[in-house]
Amino acid sequence: MDKLIITVAVCGAEVTKQHTPYIPVTPEEIVQQSYEAFLEGASIVHLHVRDENGNPTQNAEIFKKVVTMIREKCRGMIVQVSTGGAVWMTAEERLQSLESDPDMATLTTGTVNFGNDVFMNSIPMIERFAEEMKKRNIMPEFECFDMGHITNALNLVKKGLVHGHLHFDFVMGVPGGIAANGRNLIAMVDNLPAGATWSVAGIGRHEFPMAAMAIAMGGHVRVGLEDNIYVKKGELAKSNAELVKKVVKIAREIGRDIASCQEARQILNLKE
Ligand code: KMH
Ligand code: ZN
């Protein structure tokens, strides 16, 4: 079994200081929490950024600033920017994060209900995002919020819009998306082509149960305040690092080693 790649999703677009005072929103806070998570064993940082009011933005300059700071402070960490942004953003707005020259970027391969909102990803949009990533030599991570999103991702490969190693992230437990449970996880994994790698991002209270399943099954794990703000029932996590630390503990208890950044790059076939 490969060593475990841990992705930390540090702030996302939805969680505010009203939800938890520990959510990082300034570039300095985002970088500091990424660094602490890196020290605990996270090898990928999944990045969103916020404007000066703490609101989500895909502003290229803010992304460039944060990516540069993370590269300086967290040697070798894989930087993955979001092209998901927030539900109200246009495709053009969402694509701006790619200007920060990341190692990876998320590519959500289908539309999904997102609570009371709709996270829009039409087929033409998905293809445009894939083309843009290909042009810039940025590796996509397919974000699959539902089963059909796997089919849509594989269609990009068939059309020649994506090539090389394929890496999927199953986002499970979003209200409106696929439910977070073992049966659904097995079905999703069963739909992947040979050689593909995958991780799970369990939303809310599903974060750690889904992480434990992924660890045991040979998948990889995403945790972070973007997905879940509690370290256990009723207790807010005081940082992203605390969530990463808990995953590392679960992995160690069942004998799965943690991938360094360099090892994660090898598993994903990403350049150093
Ligand atoms: N904020 C969500 C609407 C991604 O980062 O690619 C989309 C999201 C997925 O977070
Ligand atoms: Zn995200």
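Before reading further, recall that the structure is shown in the block above.
Reference entry: report on the structure contained in this document. From a predicted model like this one, the values you see are computed outputs, not experimental measurements. (Residues numbered from 1 in each chain as written. Chains lettered and ligands numbered in written order. Predicted model: local features only at pLDDT ≥ 70, side-chain atom pairs only at ≥ 80, totals over all residues.)

**Here's the deal with the sheet that holds strand β9 (residues 139-144)**
Okay, so step 1: Taken in spatial order, the eight strands of this closed barrel run β1-β2-β5-β6-β9-β10-β11-β12, and their pairing is parallel. Across the sheet, the mean angle separating the axes of adjacent strands is 25° when strand polarity is ignored.
Okay, so step 2: Bridge analysis of strand β2 (residues 44-47) against strand β5 (residues 78-81) gives four bridges, and the strand direction is parallel. Note that in β5 the partner of I44 across the bridge is I78.
Okay, so step 3: Each of β10 (167-172), β11 (197-202) and β12 (220-223) touches helix α7 (residues 207-217); the most contacted strand, β11, lies at about 160° to it. (Pairing = 2+ DSSP bridges. Helix = DSSP H or I, 4+ residues; strand = E, 2+ residues; numbered from the N terminus. Axes fitted to C-alpha atoms, helices over the stretch in contact; angles between N-to-C directions. Contact = placed C-beta atoms within 7 Å.)

**A short note on helix α5 (residues 148-158)**
Okay, so step 1: Of the positions making up α5, those classed as buried are H149, I150, N152, A153 and L156. Projection of α5 onto a plane perpendicular to its axis shows the buried side chains occupying an angular sector of 165°, all on one side. For α5, the exposed residues lying more than 90 degrees away from the buried face are T151 and K158.
Okay, so step 2: Among the structural elements, α4 (123-135), β9, β10 and α6 (182-190) are those in contact with the buried residues of α5. (Buried ≥ 20, exposed ≤ 12 C-beta atoms within 10 Å, placed from the backbone. Arc of directions from axis to C-beta.)

**Remarks on the site of ligand 1**
Okay, so step 1: Around ligand 1, a shell composed of 13 residues is seen, among which A13, S82, G84, T106 and F119 lie nearest.
Okay, so step 2: Here the residues of the shell around ligand 1 are counted per class, giving five nonpolar, six polar and two charged. (Near = placed C-beta within 6 Å. Nonpolar A, V, L, I, M, F, W, Y, C, P; charged D, E, K, R; others polar.)

**Concerning helix α2 (residues 60-73)**
The periodicity of an α-helix, 3.6 residues per turn, causes residues three or four positions apart to be oriented the same way.
Okay, so step 1: In this model α2 runs 20 Å from its N-terminal to its C-terminal C-alpha over 14 residues, within 8% of the 20 Å that 1.5 Å per residue would give.
Okay, so step 2: Within the span of α2, buried status applies to I62, F63, V66, V67 and I70. For α2, the angular spread of buried residues about the axis comes to 125°, placing them on one side. Among the exposed residues of α2, those oriented more than 90 degrees off its buried face are E61 and E72.
Okay, so step 3: Close packing links the buried residues of α2 with α1 (27-40), β2, β3 (49-50), β4 (56-57) and β5. (Expected span 1.5 Å × (residues − 1).)

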